[in-house]
Amino acid sequence: MPLVISNCVVIPDHEIELTAIRAQGAGGQNVNKVSSAIHLRFDIQHSSLPDFYKQKLLAMNDSRISKDGVLILKAQEFRTQEKNRQEALNRLQELVQKAGYVQKARRPTKPSRNSQKKRMDRKTKHSRTKSLRGRVDH
């Protein structure tokens with residue numbers, strides 16, 4: 001089943017290489033016998049992603065992306081291979097979606113004429129109050 005990134009961007013299955021490996025860490029007798037961790041490899045440069053996504057992904061400063069442009073993810077959080085496979089695919093999907101996100105350009109705004117007038121009136125009033133606090137001459 002292809003991995004859906006957005007309405008018009010899909011990664012076909014043949015571009016994602018999934019390998020089952022033995023998980024690290026604690027697990028008792030089971031850890032040495034069962035290959036439940038998933039090693040995901042995704043070649044960014046040779047994928048069918050649009051150039052915009054490729055450039056954004058390759059420009060990311062991420063240690064999981066090699067110099068050759070291959071994204072390597074290792075999922076070993078769960079005890080079953082299927083859950084780890086789904087976790088790896090979800091992480092790939094999130095990473096590509098994050099790379100494709102374009103932040104809305106900020107347009108600088110100017111204060112309204114009324115707000116400027118209020119500010120100047122407030123300053124004038126404050127100035128008058130402070131000038132009245134001075135020494136009184138008889």
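Worth saying up front: this structure is predicted, and the values here are computed from it rather than measured.

Peer 1: Go over the sheet that holds strand E4 (residues 37-43) with me, naming the residues and quoting the values.
Peer 2: Taken in spatial order, the three strands of this open sheet run E3-E4-E5, and their pairing is antiparallel. Strands at the two margins of the open sheet, each flanked by one partner only, are strand E3 (16-21) and strand E5 (70-75). Pairs of neighbouring strands in the sheet enclose a mean axial angle of 20 degrees, with direction left out of account. Sheet analysis places E4 next to E5, joined by six bridges and oriented antiparallel. Following the sheet pairing, Leu40 is matched in E5 by Leu73. Sitting on the sheet, helix H2 (residues 81-100) touches E3, E4 and E5, and the angle it makes with E5 is about 140 degrees.

Peer 1: Can you break down the environment of Gln45 residue by residue, with the values?
Peer 2: Following the sequence through the fold, Gln45 ends up in the loop between E4 and helix H1 (51-59). Residue class for Gln45 comes out partly exposed when judged on its relative accessible area of 40%. If sequence neighbours within four positions are ignored, Gln45 has contacts with Lys54, Leu58, Asp68 and Gly69.

Peer 1: A description of a positive patch on the surface should follow, citing residues and the corresponding values.
Peer 2: On the surface, Lys118, Arg119, Arg122 and Lys123 cluster together into a patch of positive charge. Topologically, Lys123 is positioned in helix H3 (residues 113-131).

Peer 1: With reference to specific residues and values, describe H1.
Peer 2: Looking only at H1, the buried set comprises Tyr53, Lys54 and Leu57. Buried residues of H1, viewed axially, fall in a sector of 100 degrees; they line one side. Looking at H1, the residues exposed on the side facing more than 90 degrees away from the buried face are Asp51, Gln55 and Ala59. Those residues of H1 that are buried are in contact with H2.

Here is what the cut-offs are and how they apply
- Throughout, residues of each chain are indexed from 1 in the direction in which the sequence is written.
- In keeping with the predicted nature of the model, local features appear solely for residues at pLDDT of at least 70, side-chain atom pairs appear and are counted solely at 80 or more, and the whole-chain, interface and lining totals rest on all residues.
- In computing side-chain properties, one takes all heavy atoms of the structure into account and sets aside hydrogens as well as water.
- Strand pairing requires that DSSP identify at least two bridges connecting the strands.
- Each helix corresponds to a stretch of at least 4 residues labelled H or I by DSSP, and each strand to a stretch of at least 2 residues labelled E; elements are numbered beginning at the N terminus.
- Only the contacting stretch of a helix is used when fitting its axis, a line to C-alpha atoms as for every element, and angles between N-to-C directions run 0 to 180 degrees.
- Only heavy atoms matter for contacts: two residues are in contact if any of them lie within 4.5 Å across the pair.
- Exposure is judged per residue with a 1.4 Å probe applied to protein chains only, and the accessible area is read against the type maximum: over 50% gives exposed, under 20% gives buried, and values in between give partly exposed.
- Residues form patches when they are more than 30% accessible in relative terms and have no salt bridge. Like charges link within 9 Å. Nonpolar side chains (Val, Leu, Ile, Met, Phe, Trp, Tyr) link within 5 Å.
- The accessible surface values rely on the Shrake-Rupley method and a 1.4 Å probe; as for residues, cover is taken only from the protein chains in view.
- Salt-bridge detection follows one rule: a side-chain nitrogen of Lys or Arg within 4 Å of a carboxyl oxygen of Asp or Glu.
- Positive charges come from Lys and Arg, negative ones from Asp and Glu, while His and the chain ends are left out of the count.
- Note that the charge is assigned to NZ on lysines, CZ on arginines, CG on aspartates and CD on glutamates.
- Directions drawn from the helix axis to the C-beta atoms are what define this arc.

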